[in-house]
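Remarks on the overall topology
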Amino acid sequence: MSEADGSRFAPLLPTGPIHFPRDFAWGVASSAFQAEGGDVPNDWVDAARAGRVPPNPGNGFWERAEADLRLVASLGFRHYRLSVEWSRVAPERGRFDEGALDRYRAICDAANAAGVTPWVNLFHFTHPRWFAARGGFLEAANHADFLRYVERVGRALAPHARHFHVANESMVYMLTGYLMGVNPPFVQDAASAFAMTRHVLALHADAYRILKSMQPQPTVATIEVYLDARPENPDDALQCDAAQRFDAWYHGVLLEALATGWINAPTREPEEVPHLRGALDAYGFNYYNATSFGAAGAGSWSDLADPPVDAMNRKVFPRGLEDGLVRVAQALPGVPLLVTENGVPTTDETFRIRYVASHLAALDRARQRGADVRGYFHWTLVDNYEWNFGFGPERFGLVGFDPATQERSVKASGRWLADVIRSGLLDPTRIP
Ligand code: FCB
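Note that the structure is a prediction, hence the values are computed from the model and not measured.

**Here's the deal with helix α9 (residues 170–179)**
Of all ten residues making up α9, nine are buried, and the element is well covered by its neighbours. The complete set of buried residues in α9 reads Ser-170, Met-171, Val-172, Tyr-173, Met-174, Leu-175, Thr-176, Gly-177 and Tyr-178. At its buried positions, α9 is contacted by α10 (190–212), β6 (219–225) and α11 (237–260). Following α9 by one or two positions, Gly-181 has its phi on the positive side, about 70 degrees.

**Some words on the pattern of salt bridges**
Side-chain pairing between opposite charges can occur once the charged atoms of the two side chains come close. Under the counting rule described, the total for this entry stands at 30 salt bridges. For Arg-152, the salt bridge is made with Glu-98, and the minimal N-O distance between the two is 2.7 Å. In this pair, Arg-152 sits in helix α8 (residues 143–157) while Glu-98 sits in helix α6 (residues 98–113), placing the two residues 54 residues apart along the sequence. For Arg-152, a relative accessible area of 14% gives the class buried. Across the salt bridge formed by Arg-369 and Asp-323, the nearest N and O atoms sit 3.0 Å from each other. Here Arg-369 is found in the loop between α13 (349–368) and β14 (373–379), whereas its partner Asp-323 is found in helix α12 (residues 318–331), with 46 residues between them in sequence. Assessed through its relative accessible area of 45%, Arg-369 is described here as partly exposed. On the accessibility criterion, Asp-323 (23% relative accessible area) is partly exposed. Ionic contacts of the salt-bridge type, sharing partners, join the residues Asp-228, Arg-230, Arg-319, Glu-322, Asp-323, Arg-365 and Arg-369 into one network.

**A few points about the site of the ligand**
Gln-34, His-124, Asn-168, Glu-169, Tyr-288, Glu-341, Trp-379, Glu-386, Trp-387 and Phe-396 make up every residue found near the ligand. Within the side chain of Asn-168, a nitrogen or oxygen atom sits 2.8 Å from an oxygen atom of the ligand. Glu-341 places a polar side-chain atom, nitrogen or oxygen, 3.1 Å from an oxygen atom of the ligand. In the complex, the protein chains occlude 92% of the 300 Å² of accessible area that the ligand would expose alone.

**With respect to the packing of helix α4 (residues 61–74) against α6**
At their nearest, the axes of α4 and α6 sit 8 Å apart, and the two run at 15 degrees to each other. As the angle between them shows, α4 and α6 are arranged roughly parallel. Here α4 runs over α6; the crossing is left-handed. Two secondary-structure elements touch here, α4 through Phe-61, Trp-62, Glu-63, Ala-65, Glu-66 and Leu-69 and α6 through Ala-100, Arg-103, Tyr-104, Ile-107, Ala-110 and Ala-111. Within the contact of α4 with α6, the residues separate by chemical class into nine nonpolar, no polar and three charged.

**A few points about the packing of aromatic side chains**
Within the structure shown, the criterion is met by 36 aromatic pairs. When the centroid spacing of 5.0 Å and the interplanar angle of 70 degrees are considered together, the rings of Phe-24 and Trp-26 count as edge-to-face. For the pair Phe-24 and Trp-26, a shared accessibility class is recorded, and that class is buried. Between the aromatic rings of Phe-33 and Tyr-385, the centroid separation amounts to 5.7 Å while the plane-to-plane angle is 80 degrees, which identifies the pairing as edge-to-face. In this pair, Phe-33 sits in helix α2 (residues 32–36) while Tyr-385 sits in the loop between β14 and β15 (399–401), placing the two residues 352 residues apart along the sequence. The rings of Trp-86, Phe-123, Trp-130, Phe-131, Phe-137, Phe-146, Tyr-149, Tyr-173 and Tyr-178 are connected pair by pair, giving a single aromatic cluster. One cation-aromatic arrangement involves Arg-88 over Trp-62; the distance from NZ or CZ to the ring centre is 3.9 Å. The ring centre of Phe-194 lies 3.8 Å from the NZ or CZ of Arg-268, which sits over that ring.

Parameters at a glance
- Residues numbered from 1 in each chain as written.
- Predicted model: local features only at pLDDT ≥ 70, side-chain atom pairs only at ≥ 80, totals over all residues.
- Heavy atoms only, no water.
- Buried < 20%, exposed > 50% of the residue type's maximum accessible area, 1.4 Å probe, protein only.
- Helix = DSSP H or I, 4+ residues; strand = E, 2+ residues; numbered from the N terminus.
- Contact = heavy atoms within 4.5 Å.
- Salt bridge = Lys/Arg side-chain N within 4 Å of Asp/Glu carboxyl O.
- Near = heavy atom within 4 Å.
- Polar contact = N/O pair within 3.5 Å; in protein donor to acceptor, adjacent residues only side chain to side chain.
- Areas by Shrake-Rupley, 256 points an atom, 1.4 Å probe, with all protein chains shown as cover.
- Axes fitted to C-alpha atoms, helices over the stretch in contact; angles between N-to-C directions.
- Parallel < 35°, antiparallel > 145°, perpendicular 65-115°, else oblique.
- Left-handed = near helix turned anticlockwise from the far one by under 90°.
- Nonpolar A, V, L, I, M, F, W, Y, C, P; charged D, E, K, R; others polar.
- Phe/Tyr/Trp six-rings, centres within 6.5 Å; stacked < 30°, edge-to-face > 60°.
- Lys NZ or Arg CZ within 6 Å of the ring centre and 35° of its normal.

Shown next as structure tokens:
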């Protein structure tokens with residue numbers, strides 16, 4: 001990291017020691033397709049074949065999960081977020097692959113044996129090929145297929161995992177796949193995007209009920225990324241309006257719907273979603289950077305004149321995490337919060353440590369402002385496939401790997417965070 005980057009971080013870093021409660025949940029987060037990769041029958045593999053997204057050889061998790069989970073434990077983490085690759089479990093419509101279910105059972109058992117609690121997420125952006133071909137979630141007639149999968153995996157894994165998530169960032173899935181058209185199925189259509197908002201909320205409510213009927217009964221949490229929408233220039237009325245309109249749809253609708261069961265979108269008739277109200281045992285809060293609305297459209301924002309910028313050209317803005325946690329806590333009183341993802345694409349370990357330190361400081365400020373934040377899951381353990389960016393310099397791992405041997409090597413940030421976890425203390429003098 002250059003000297004310039006060092007001074008850019010200075011205003012964002014903690015100045016005094018931060019103590020974390022003994023029962024604070026430290027975890028790492030991952031997703032099935034990003035870590036497992038491979039030639040699975042899903043829509044991302046098809047998009048890669050068509051040259052629309054990079055190919056994904058994976059980082060070897062599918063084969064090496066047991067060793068990776070021991071590594072998780074050795075770094076002091078006690079929680080691990082994984083997801084199930086739907087196309088492995090249901091390679092064809094109506095057929096469940098017992099071998100794949102056994103493998104996910106074994107992965108959960110390996111976590112438990114290592115003293116690591118598995119958190120199982122059922123949908124993280126990929127659809128089986130057959131489901132995508134039938135029109136995905138946009139076709140209400142397909143919803144039963146997803147719910148059958150939820151029921152089957154819930155039954156298989158509930159004896160092995162106490163915590164579930166229905167979906168990761170379904171609002172981002174809707175935005176990138178149906179409004180921006182950058183991810184499969186590459187649709188750019190506001191009406192479809194709005195319909196998807198309703199569909200993913202209804203699917204969450206239905207899947208929540210199914211999972212809560214399992215024995216033993218698991219906890220079921222949502223996961224959404226917080227997109228801290230701000231105008232680049234607060235004096236520009238058009239930019240303010242764009243940021244506000246985005247926020248009203250994205251967080252406004254989402255938080256109100258979870259709290260009340262009603263989708264109350266600007267310019268639409270209010271609509272009640274059956275069983276949605278209160279259908280969450282915890283709120284999973286992912287956060288990376290702020291989202292700006294400026295002259296050039298949406299981008300990344302900071303109130304610093306010269307902020308740190310990551311390898312995906314996003315400005316580092318920890319205050320968005322702080323303000324977002326406080327806002328969600330106020331919108332959903334009584335619901336515990338977990339930071340279910342936070343991390344940074346970089347090949348520079350000093351940058352990563354400073355990024356994490358500044359966001360843990362923001363998390364602590366949110367707790368002091370009353371947000372009931374129970375844990376922090378770092379994204380991610382081992383470098384993995386970053387969707388449209390593939391395996392470039394956009395490395396999020398605390399651990400690297402050799403693509404030829406798949407051998408793991410803990411990075412400086414992994415050792416640093418392990419030290420924070422072990423001591424329960426973020427000591428500003430130990431930030432490089
Ligand atoms: C999140 C996604 C996750 C990963 C990180 C960097 O929005 O949930 O899959 O790609 O970004």
